[in-house]
Amino acid sequence: MTSKDIIKITINLVIVYLIGGAILAAVYAKTSPIMFKNAKIAKEKALKTLIPEADIIEKIGDWTIHKKSAEYFIAKKGDETIGYIIQSFGKGYSSYINVLIAVDKEIKVQKIDILSHAETPGLGDEIEKDEFKNQFRGKGIENIKLVKKETTEYIQAITGVTISCRAVTDDAVKNGLDFLTKTLKGGAENGTIEKD
Amino acid sequence: MAQSKKINYIDLITNGIVKENTIFKLALSLCPAIAVTSGLKNGVLMGLAVLFVQVMVNTTISLMRNFIHAKIRLPIFMLIISGWVTVTDMVMAAAVPDVYRQMGLYIQLIVAFASILARAEMFASKNKIAPSMADGIGMGIGFLFALTVISFFRELIGKGSLWGLTIIDAKPLLIAILPAGGFLAVGILMAFFNWIDMRYLKKRASASSH
């Protein structure tokens, strides 16, 4: 390879990167506000389906997990508090898994919902299946533990998808419940609370 | 003009649809052909995404064919392909969020489609812009056609509906939308199109296809 080749290759790459980068930046600038809005609508819809009997679901604060900011909400029916919803993240195989967890007043899980993730298609996305998600129903924080054996007491992992399942169970849900318990009992060591 | 060289554009376009159909003839990119074709809507949108990427990639590479250094042509092709796929990915995420939620993961996999890189290397890097575009359109439409036909039958049989609207109000044959049904559908349709090809189009004994 002569120095002429090297210069040509360098110019090649620089130009491809510059043009490519410019196109991607332009498209991103156009599409990201729409994506942001879509994600917000999807989240509001998800909140409604998590605790359908609630009249109002209000945000009560923010907290941080894996350096990502997440929100938590209070669900009310009339004047009575019937539960809470907390958003949480788990570090999966190839992405952070964005999870919503609905709990009742005793911080027992009612339902969870996987908002978004980028796990392996056809394998990691098994965590979206109801058979997995329904295992969380009625479980308190002491029962949120992933095991590989058949179990009804804890959460059973899906064969071949252990890492993604662990991210949801031992990371996202467990930390979410942990934070919620501590916060609701007065202290808020892990997060920042902004009441309004 | 380009016409003076007697390039038969019709031939170029039909080549991708009939003679070298990515799925039914070359049996390439079968992963998306099975993974996203459980519904007509998904199949058509995936086909359109591939059509767009194929045309843009072919055009870009043809435009740059004299400028790219031969030693790094494959990395450059991959950069161009991934750039256009990312554009498609972002546009689809914004425009059709419901569908994107289901098949967003597969859109990103277009980067790894053998058919796209193959056309870039075999055709676009050696031909002028107009024929390269025609080739991309042909290949893309061929892929779109294949995905549409496969997903049409799978959704009709497996869910009794088309584009989400119920057509047959009876218990559907669930296997059609499961992965196994995907293999069956692709196989049966592949056989069917090859049979038509041999029987009516008489493409010289078609020894190369099966």
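Bear in mind the structure is a predicted one, so any value in this text is a computation, not a measurement.

Q: I'm lost on the overall build of chain A in this one. Help?
A: The number of helices and strands found in chain A is three helices and seven strands. Going from N to C terminus, chain A has its helices and strands arranged as α-β-β-β-β-β-α-β-β-α. Over its C-alpha atoms chain A spans a radius of gyration of 21 Å, topping by over 25% the 16 Å that the globule rule assigns to 196 residues. In terms of overall dimensions, chain A has a C-alpha envelope of 75 × 45 × 30 Å along the principal axes. Within chain A, the fraction of its 196 residues that count as buried is 30%. Taking the contacts inside chain A whose residues are at least 6 apart along the sequence as the reference set, 51% of them involve residues at least 24 apart.

Q: How should I be thinking about the sheet that holds strand E1 (residues 56–65) of chain A in this particular structure?
A: The strands making up a sheet associate through hydrogen bonds between their backbones, and the pairing can be parallel or antiparallel. Residue and element names in this part refer to chain A. Pairing is antiparallel in the open sheet, where five strands are placed in the order E1-E2-E3-E4-E5. Since the sheet does not close on itself, it has two edges, and those belong to E1 and strand E5 (109–116), each with one partner. For this sheet, the mean angle separating the axes of adjacent strands, direction not counted, is 20°. Relative to E5, strand E4 (residues 96–103) runs antiparallel, the two being bridged by six bridges. Bridging from a neighbouring strand, Ala102 pairs with Lys111 of E5. Together, E1, strand E2 (68–77), strand E3 (80–91), E4 and E5 form the strand contacts of helix H1 (residues 3–50), whose direction differs from that of E5 by roughly 160°.

Q: For this particular structure, what's the right way to read the nonpolar core?
A: One recurring pattern in soluble globular proteins is that nonpolar side chains are buried together. Of all hydrophobic cores here, the largest spans 57 residues; its most connected members are Ala49, Val53, Val57, Trp84, Ile110, Phe143 and Ala146 of chain B. In this structure Ala49 of chain B touches Thr88, Met92, Ile107 and Ile110 of chain B, once residues within four positions along its chain are discounted. Formed by 40 residues, the second largest nonpolar core is a distinct cluster that contains Leu50, Ile65, Val99 and Val173 of chain A.

Basis of the calculations
Residues numbered from 1 in each chain as written. Chains lettered and ligands numbered in written order. Predicted model: local features only at pLDDT ≥ 70, side-chain atom pairs only at ≥ 80, totals over all residues. Helix = DSSP H or I, 4+ residues; strand = E, 2+ residues; numbered from the N terminus. Rg over C-alpha atoms; globule rule 2.2 N^0.38 Å. Buried ≥ 20, exposed ≤ 12 C-beta atoms within 10 Å, placed from the backbone. Contact = placed C-beta atoms within 7 Å. Pairing = 2+ DSSP bridges. Axes fitted to C-alpha atoms, helices over the stretch in contact; angles between N-to-C directions. Core = buried A, V, L, I, M, F, W, Y, C linked by C-beta atoms within 7 Å.

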